[in-house]
Amino acid sequence: MIQDDERHGPAEPTATRRGTSDTESSSASRGWWDRNADEYQMEHGGFLGDDRFVWGPEGLDEADAALLGPAAALKDRAVLEIGAGAAQCSRWLAAQGARPVALDLSHRQLQHALRIGSGFPLVEADAGALPFADGSFDLACSAYGALPFVADPVRVMREVHRVLRPGGRWVFSVTHPLRWAFPDEPGPEGLSVAASYFDRTPYVEQDEEGRAVYVEHHRTLGDRVRDVVAAGFRLTDLVEPEWPDWNDQEWGGWSPLRGNLIPGTAIFVCTRD
């Protein structure tokens, strides 16, 4: 006899807050992005473009921000993009004459990179165990990739430190830590504090058997700074993009309403001395 859940498909994941290991977080992220890559690229591909380097939902463009350095100085630089998705940022870097490598945990995301097209390497690997020799890259970057979804961000950043050459720059963007205290809603309901900013318990969506299918980890702003230092980097800038007048889109909990009142993205600019 067919049960209700068999007729209607698997039950929706249950949201909870609980601890997770590095292994569980990595497995959940790989599965979630493989399942949702098509929808993500369909929904956000127009905003991201095929060859733009956008740091977050606000729309701050690397062509304007130059957080990796002047565009003219990117020529012939070896650049590692972590959590590359469909490699839009790497494609922009290649257009500037850089030599990017786009790395992602999700096979399906990298298939979208192949679909759009690339003349640079695509690597499927975990950011916590980078498959590159020491000192392989001049620059490393990540636009909302990997770090919000790993239990041990210092491990990832130490790997980035290892594969960068001395003087190399590491720039990454994440959801602004302040957002953890607010509901993930774009409207007025997302403007009232609903949780403790200091509660680091991960957000987990799990299936009926208690297996995590999506995990997001929280670090306070101070935690992020200490993580950067613990990995051996020097923090040279912290950018909190303001919401621009031209951007009228909503993206999850990001919106003009919230973006004009509270920060949505934090970008850390770091140097490997």
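See the structure printed just above.
Residues numbered from 1 in each chain as written. Predicted model: local features only at pLDDT ≥ 70, side-chain atom pairs only at ≥ 80, totals over all residues. Heavy atoms only, no water.

## Some remarks on the overall build of the protein
Then step 1. Along the protein, the regular secondary structure elements total eight helices and ten strands.
Then step 2. Its C-alpha atoms put the protein at 60 × 40 × 35 Å along the principal axes.
Then step 3. Within the span of the protein, comprising 273 residues, buried residues form 51% of the whole.
Then step 4. A sequence separation of at least 24 residues applies to 70% of the contacts in the protein between residues at least 6 apart.
Then step 5. When the accessible surface of the protein is summed, it comes to about 12,700 Å², and 51% of that surface belongs to carbon and sulfur atoms. (Helix = DSSP H or I, 4+ residues; strand = E, 2+ residues; numbered from the N terminus. Buried < 20%, exposed > 50% of the residue type's maximum accessible area, 1.4 Å probe, protein only. Contact = heavy atoms within 4.5 Å. Areas by Shrake-Rupley, 256 points an atom, 1.4 Å probe, with all protein chains shown as cover.)

## Quick notes on the nonpolar core
Then step 1. Leu-80, Ile-82, Phe-132, Val-160, Trp-170, Phe-172 and Phe-233 are the most contacted members of the largest nonpolar core, which totals 29 residues.
Then step 2. Elements represented by at least two residues in this core include exactly β2 (78-82), β3 (99-104), β5 (137-143), α6 (153-163), β6 (164-175) and β10 (265-271).
Then step 3. Residues contacting Val-160, with those up to four places away along its chain left out, are Ile-82, Leu-130, Ala-140, Trp-170 and Phe-233. (Core = buried A, V, L, I, M, F, W, Y, C linked by side-chain atoms within 4.5 Å.)

## Observations concerning the sheet that holds strand β4 (residues 122-124)
Then step 1. Spatially, β4-β3-β2-β5-β6-β10-β9 is the arrangement adopted by the seven strands of the open sheet, whose pairing is mixed. Looking along the sheet, the strands with just one partner apiece sit at the ends: β4 and β9 (234-239). Within this sheet the neighbouring strands show an average axis-to-axis angle of 20°, counted without direction.
Then step 2. Pairing of β5 with β6, which is carried by six bridges, proceeds in the parallel orientation. The residue bridging Ala-140 from the neighbouring strand is Trp-170, located in β6. (Pairing = 2+ DSSP bridges. Axes fitted to C-alpha atoms, helices over the stretch in contact; angles between N-to-C directions.)

## Observations concerning the packing of aromatic side chains
Then step 1. Under the defined criterion, the tally for this structure stands at 15 aromatic pairs.
Then step 2. Chaining the aromatic ring pairs together yields one cluster made of Trp-32, Trp-33, Tyr-40, Phe-47, Phe-149, Tyr-203, Tyr-214 and Trp-251. (Phe/Tyr/Trp six-rings, centres within 6.5 Å; stacked < 30°, edge-to-face > 60°.)

## Overview of the pairing of β2
Then step 1. Burial analysis of β2 places five of its five residues in the buried class, which makes it a mostly covered element.
Then step 2. With helix α4 (residues 88-95) bridging β2 and its parallel neighbour β3, the resulting β-α-β unit is right-handed.
Then step 3. Sheet topology places β2 next to β5; three bridges connect them, and they run parallel. Bridge pairing in β5 places Val-79 opposite Leu-139. (Right-handed = clockwise from strand over helix to strand, strands pointing away.)

## Considering the sheet that holds strand β1 (residues 14-17)
Then step 1. Here three strands make up an open sheet; going across it, the order is β1-β7-β8 and the pairing antiparallel. At either end of the open sheet lies a strand with only one pairing partner, and these are β1 and β8 (212-216). Shown here is a sheet whose adjacent strand axes are inclined to one another by a mean of 25°, direction ignored.
Then step 2. In this sheet, strand β7 (residues 203-206) lies alongside β1 in antiparallel orientation, the contact comprising four bridges.

## A word on the pairing of β5
Then step 1. The element β5 is largely enclosed, with a buried count of seven among its seven residues.
Then step 2. With α6 bridging β5 and the parallel β6, this β-α-β connection has right-handed handedness.

## A word on the environment of Trp-180
Then step 1. Relative to the assigned elements, Trp-180 resides in the loop between β6 and β7.
Then step 2. Remark: the alpha-carbon pair of Trp-180 and Thr-220, spanning 40 residues in sequence, is separated by 8.7 Å.

## Thoughts on the pattern of salt bridges
Then step 1. All told, the structure shown has 16 salt bridges when counted by the stated rule.
Then step 2. Here Arg-162 makes a salt bridge to Glu-159, at a shortest N to O gap of 2.9 Å. Highlighted residues: Arg-162 and Glu-159, both in helix α6, separated by three residues, approximately one helical turn.
Then step 3. A cluster of three or more residues bridged by salt bridges with shared partners is formed by Arg-77, Asp-138 and Arg-165. (Salt bridge = Lys/Arg side-chain N within 4 Å of Asp/Glu carboxyl O.)

## Quick word on the environment of Ala-73
Then step 1. Secondary-structure assignment places Ala-73 in the loop between α3 (62-65) and β2.
Then step 2. Among the residues examined, Ala-73 registers a relative accessible area of 44% and is labelled partly exposed.
Then step 3. On a C-alpha basis, the gap between Ala-73 and Gln-96 in space is 8.7 Å, while along the polypeptide they are 23 residues apart.

## Some words on the packing of α6 against helix α7 (residues 221-230)
When two helices pack together, their arrangement is given by the angle between the helix axes and by the axis-to-axis distance.
Then step 1. At a minimum axis distance of 9 Å, the contact between α6 and α7 shows a crossing angle of 40°. The orientation of α6 with respect to α7, classified from their angle, is oblique. The two elements α6 and α7 cross, and the hand of that crossing is right-handed. For the pair formed by α6 and α7, the contact residues are Pro-153, Val-154, Met-157 and Arg-158 on the first element and Arg-224, Asp-227, Val-228 and Ala-230 on the second.
Then step 2. Of the residues that constitute the contact of α6 with α7, the class distribution is five nonpolar, no polar and three charged. (Parallel < 35°, antiparallel > 145°, perpendicular 65-115°, else oblique. Left-handed = near helix turned anticlockwise from the far one by under 90°. Nonpolar A, V, L, I, M, F, W, Y, C, P; charged D, E, K, R; others polar.)

## Brief notes about α4
Then step 1. The element α4 is extensively covered by neighbouring structure, given that six of its eight residues are classed as buried.
Then step 2. Looking at α4, one finds that the buried residues are Gln-88, Cys-89, Ser-90, Arg-91, Trp-92 and Leu-93.
Then step 3. The positive-phi residue at the C-terminal boundary of α4 is Gly-97, with phi of around 95°.

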